[in-house]
Amino acid sequence: MSTTLLLVQALNGLQLGILLFLLAAGLTLVFGIMNFINLAHGSLYMMGAFIAATVFRHTGSFLLAAAAVVAGMAVLGLLLDRIALARLYPRDHLDQVLATFGFILFFNELTRILWGPAPISMGLPSWLSGTIDILGVTYPLYRFLIIVVGLVVAAGCYLLIHRTRLGMLIRAGSTDRMMVGALGVNIARLNTLLFVLGAVLAGLAGLMAGPILSAQTGMGEPILILTLVVIVIGGIGSVRGAFLAALMVGLIDTLGRALLPTLLRAALPPAAANAAGPAIASMLIYIVMALVLAMRPQGLFPVRHG
């Protein structure tokens, strides 16, 4: 494999990792800090993609689509929290799993009713359709934008969690919720804010993935599984861990799919190698997760208190 192709695949892996981080960041806030299992997080990603595709097809403006996703997902997250999920926060995890699984079915049927069963493609404006030169390699500008947006979001999450009073309350609430409540902090409002932030980040991931994957019913479930793998590897509740593990998973998956068929051709016929390579690559991330759980159950980059 040429150096150019290897660099392109590494950038593709970085881009996939960034998309996973946008989802994992929101989910780790809800799961790791609020101790709430939200299986419908992938459905929020799907709704973000549908909102973005719909607004873009009617306006032709990517920026308006982005604004609509942020506003729409904030409202949707607030409604979900206030109407249904707030009652589940003190409940058992099994109740949370069953209820949020029900929301997966609800949102899948909702998208079929509102948009139909066919995928909705989302184009790109001319200013995002070009290419950019990176170390002598031509790379799509939009995919590079995904990487930049993810890095900006990662920096924003770090500053929010570690450099603001709100972040201090979030970290304190994750350590001792009852004590923070006794000091006068409105825990319910803090939980709502975290859930809304998670919904917005999931919607942002759907917006960024829309032009690449198209918006389609059920697109949230496969990526939710990868997102949970990221959280387990990185460390539950750790935004830093989610970022580093997402990059790791993205690179392992993408480079594995690109390199393994070539490596397997040394021992297998080309057709068998081409079929086995991607399959083994998709298994690698779960093998990594199993090894992490066996040797370091708290994750590679667990949250640090204090």
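What counts and how
- Residues numbered from 1 in each chain as written.
- Predicted model: local features only at pLDDT ≥ 70, side-chain atom pairs only at ≥ 80, totals over all residues.
- Heavy atoms only, no water.
- Core = buried A, V, L, I, M, F, W, Y, C linked by side-chain atoms within 4.5 Å.
- Buried < 20%, exposed > 50% of the residue type's maximum accessible area, 1.4 Å probe, protein only.
- Helix = DSSP H or I, 4+ residues; strand = E, 2+ residues; numbered from the N terminus.
- Contact = heavy atoms within 4.5 Å.
- Pairing = 2+ DSSP bridges.
- Salt bridge = Lys/Arg side-chain N within 4 Å of Asp/Glu carboxyl O.
- Expected span 1.5 Å × (residues − 1).
- Axes fitted to C-alpha atoms, helices over the stretch in contact; angles between N-to-C directions.
- Parallel < 35°, antiparallel > 145°, perpendicular 65-115°, else oblique.
- Left-handed = near helix turned anticlockwise from the far one by under 90°.

Peer 1: Just to check I follow, could you spell out the nonpolar core for this structure?
Peer 2: One finds Phe21 and Leu207 to be the most contacted residues of the largest nonpolar core, which totals 81 residues. Broken down by element, this core gets its largest block of residues, 13 residues, from helix 8 (residues 187-213). Dropping the residues within four chain positions of it, Phe21 is found in contact with Gly150, Val153, Ala154, Val239, Ala242, Phe243 and Ala246. With 6 residues, the next largest nonpolar core counts Val8, Leu11, Ile134 and Tyr139 among its residues.

Peer 1: Would you explain the pairing of strand 2 (residues 137-140) in this entry?
Peer 2: On a regular strand, each side chain points to the face opposite its neighbour's, so the side chains alternate between the two faces of the sheet. Because side chains alternate across strand 2, one face comprises the buried residues Val137 and Tyr139, and the other comprises Thr138 and Pro140, none of which is buried. Note: strand 1 (residues 131-134) against strand 2, 4 bridges, orientation antiparallel. Note on strand 2: the bridge partner recorded for Asp133 is Thr138. Count of turn residues in the strand 1/strand 2 antiparallel hairpin: 2 residues, of which Leu135 carries a positive phi of about 55°.

Peer 1: Help me understand the pattern of salt bridges in this model?
Peer 2: Pairs can form between side chains of opposite charge whenever their charged atoms are close. All told, the structure shown has 4 salt bridges when counted by the stated rule. As a salt-bridge pair, Asp253 and Arg257 come within 3.1 Å of each other at their nearest N and O atoms. Placement of the pair is Asp253 and Arg257 together in helix 10 (residues 239-264), with a separation of 4 residues, close to one helical turn. The exposure class of Asp253 is buried, given its relative accessible area of 12%. On the basis of relative accessibility, which here comes to 38%, the residue Arg257 falls in the partly exposed class.

Peer 1: Would you mind going over the environment of Ile113 with me for this structure?
Peer 2: Tracing the chain through its elements places Ile113 in helix 4 (residues 93-115). Counting along the chain gives 89 residues from Ile113 to Ala202, while the straight-line C-alpha distance between them is 22 Å.

Peer 1: Mind showing me how you'd approach helix 8 here?
Peer 2: Because each turn of an α-helix spans 3.6 residues, side chains separated by three or four positions in sequence point in the same direction. When the terminal C-alpha atoms of helix 8 are compared, their 38 Å separation across 27 residues agrees well with the 39 Å that a helix rising 1.5 Å per residue should span. Burial within helix 8 is extensive, with 20 of its 27 residues counted as buried. The first or second residue beyond helix 8 is Ser214, which carries a positive phi of 75°.

Peer 1: Teacher, can you tell me more about the packing of helix 10 against helix 11 (residues 270-295) here?
Peer 2: Helix-helix packing is described using two parameters, namely the angle between the two axes and the distance between the axes. One way to put it is that helix 10 packs onto helix 11 with a least axis distance of 8 Å and a crossing angle of 150°. With respect to each other, helix 10 and helix 11 are oriented roughly antiparallel. Helix 11 is crossed by helix 10, and the crossing has right-handed handedness. Contacts between helix 10 and helix 11 involve Met248, Val249, Ile252, Asp253, Gly256, Arg257, Leu260, Pro261 and Leu264 from the first element and Ala273, Asn274, Ala276, Gly277, Pro278, Ile280, Ala281, Ser282, Leu284, Ile285 and Val288 from the second.

By themselves, these figures tell us nothing about what the structure is for.
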